[in-house]
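Observations on chain architecture
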Amino acid sequence: MAQKYYIGLDIGGTKILGGLFDENCKMVKRSKKSTKSSQGADVIVGQICKVIDDLLEDSLDGKLVAIGAGCPGIINSKEGIVVFSPNMNWGENFPLKEKMEKKYKVPFFLGNDANILAMGEYKFGAGAGCKNIIGIFIGTGIGGGIIINGKLYEGAVGAAGEIGHTIVLPDGPLCGCGSRGCLESLASRTAMQRDILSQLKKGRTSVITEYMDKEDKMIKSSHLKNTYDKGDELVIEVVDKACYYLGISVGSLMNVFNPDLVIFGGGVIEALGENMMKKIKITAERYCMPKIFESCGFEIGKLGDDAGLYGALSLAMEQ
Ligand SMILES: [Zn+2]
């Protein structure tokens, strides 16, 4: 019998990752292109097609069954529409599913990127054996996914799991969403970068100045790790503060959902994982009811950069 194939896509603001999977969920090929997000929806679609065409280039000994994809923003997963994606230039209500199905003649399924990451870890990574999971992904921003009884909880308009916008400091810093004191505005890599740069401006010293780009002053997760490991006082102070706010948010969410497991992922966690987890756990314990805390595991995601691809695969296979 002919082999069946699936494609999983992770559509991000800067790059699009793609994986070709056989029916045993084994990744047989991968591809990567830049998103060219600033050039608008038609260009983004063109880049997605390049990834898919690249994956399908060697004529398959079998048949492509479905494509799954994760994309940032509010996603109407039933209709496959990108409703709103502030960091990408889709415009409003972009009908991605319709466009892709017209071109490739196979079912195309779309979900929110962080939700898809959580599904990837649930099905193929750290979440094996658990049914109630909170996934939290810390990078440039903070995203999340909530899995209840083995099913992704999407909410009324597909926007559930926006853990980055839980309020942990009322009247705190302004957030990209328009609110104040959101977790993302206090604990994302962007927030840590802002805090470090503002302290340097006030005259504090830190070895991080030897790592970061002199021009754009960008502080990468790897810079945070290298300087944290060196015992840099300012970096430790800023990272610890982020962990404190993460702990408040995670502790509160645990009280609401009573999960078996909280999975942490994203670039910041991949760099600073164990150091941050210890600190986050200490604060979460303080704000979480003891019975709930005792029954919940804390894990770092196992799939790294591939979590989105595996999550998109599970979306394609399930439907
Ligand atoms: Zn916000």
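Parameters and conventions
- Residues numbered from 1 in each chain as written.
- Predicted model: local features only at pLDDT ≥ 70, side-chain atom pairs only at ≥ 80, totals over all residues.
- Helix = DSSP H or I, 4+ residues; strand = E, 2+ residues; numbered from the N terminus.
- Rg over C-alpha atoms; globule rule 2.2 N^0.38 Å.
- Buried ≥ 20, exposed ≤ 12 C-beta atoms within 10 Å, placed from the backbone.
- Contact = placed C-beta atoms within 7 Å.
- Pairing = 2+ DSSP bridges.
- Axes fitted to C-alpha atoms, helices over the stretch in contact; angles between N-to-C directions.
- Domains from an automatic or database assignment.
- Parallel < 35°, antiparallel > 145°, perpendicular 65-115°, else oblique.
- Nonpolar A, V, L, I, M, F, W, Y, C, P; charged D, E, K, R; others polar.
- Left-handed = near helix turned anticlockwise from the far one by under 90°.
- Expected span 1.5 Å × (residues − 1).
- Arc of directions from axis to C-beta.

Our focus in this paragraph is the overall build of the chain. Counting its secondary structure elements, the chain contains 10 helices and 12 strands. A globule of 319 residues ought to have a C-alpha radius of gyration of about 20 Å, and the chain, at 20 Å, matches this closely. Overall size of the chain, expressed as C-alpha extent along the three principal axes, is 65 × 50 × 35 Å. Taking all 319 residues of the chain together, 45% fall into the buried category. For the chain, restricting intrachain contacts to residue pairs at least 6 apart in sequence, the fraction spanning at least 24 positions comes to 62%.

Moving on, we come to unusual backbone geometry. One can expect most non-glycine residues to show negative phi and most peptide bonds to be in trans. Phi angles above zero are rare outside glycine, and C25 is one such case at about 65°. For C25, the position within the fold is in the loop between β2 (15-22) and β3 (27-34). C25 sits in the partly exposed class, given 14 other C-beta atoms within 10 Å. In this structure, N149 is a non-glycine residue whose phi angle is positive, near 55°.

For β2 and β3, the ladder comprises 7 bridges, and the chain directions are antiparallel. The residue of β3 that forms the bridge with L17 is K32. Hairpin remark: β2 followed by β3, antiparallel, with 4 residues in the connecting loop; positive phi at C25, about 65°.

Once that is clear, we can look at the sheet that holds strand β8 (residues 133-138). One open sheet accounts for 5 strands, arranged β10-β9-β8-β11-β12; its pairing is mixed. This sheet does not close on itself; its edge strands, each paired only once, are β10 (151-152) and β12 (297-300). The pairing of β8 with strand β11 (residues 261-265) spans 5 bridges and is classified as parallel. Paired with I136 across the two strands is F264, which belongs to β11. Contacts from helix α7 (residues 233-257) reach β8, β9 (142-148) and β11, with the element oriented near 160° to β8.

For the rest of this paragraph, the subject is the domain arrangement of the chain. One widely used convention gives an interface's size as the accessible area the parts lose upon coming together. In terms of domain boundaries, the chain breaks down into domain 1 (3-118 + 306-318) and domain 2 (130-301). Between domain 1 and domain 2, the C-alpha centre-to-centre distance is 27 Å. Opposite the 12 residues of domain 1 that make contact, domain 2 presents 17 residues. Breaking the side of domain 1 that touches domain 2 down by element, the ones donating at least two residues are β5 (74-76) and α3 (113-124). In terms of residue count, the dominant contributor to the side of domain 1 that touches domain 2 is α3 (5 residues).

It is at 7 Å that the axes of α3 and helix α10 (residues 307-318) come closest, and there the two elements cross at 85°. What the angle tells us is that α3 and α10 run roughly perpendicular. Of the residues in α10, those touching α3 at D113, I116, L117, M119, G120, E121, K123 and F124 are A307, G308, Y310, G311, A312, S314 and L315. When grouped by side-chain class, the residues that make up the contact of α3 with α10 number 8 nonpolar, 4 polar and 3 charged.

As a packed pair, helix α5 (residues 189-201) and α7 sit with axes 10 Å apart at the nearest point and diverge in direction by 145°. Note that α5 runs across α7; the crossing there is right-handed. Two secondary-structure elements touch here, α5 through A191, M192, D195, I196 and Q199 and α7 through L234, V235, V238, V239 and A242.

Attention shifts here to helix α1 (residues 41-55). Taking 1.5 Å per residue as the helical rise, α1 with its 15 residues ought to reach 21 Å, and the 21 Å between its terminal C-alpha atoms agrees with that figure. Within α1, burial applies to I44, I48, V51, I52 and L55. The buried residues of α1 occupy one face: seen down the axis, they fall within an arc of 95°. Within α1, the exposed residues directed more than 90 degrees away from the buried face are D42 and G46. Lining the buried residues of α1 we find β1 (3-11), β2, β3 and α2 (96-104).

A separate point is the sheet that holds β3. The strand order across the open sheet formed by 5 strands is β3-β2-β1-β4-β7, and the pairing between neighbours is mixed. Two strands lie at the open edges of the sheet, namely β3 and β7 (108-112), each paired on one side alone. Averaged over all neighbouring strand pairs, the angle between strand axes comes to 20°, with direction disregarded. By the bridge criterion, 8 bridges tie β1 to strand β4 (residues 62-71) in an arrangement that is parallel. Residue pairing for β4: Q3 is matched across the bridge by G62. Sitting on the sheet, α1 touches β1, β2 and β3, and the angle it makes with β3 is about 150°.

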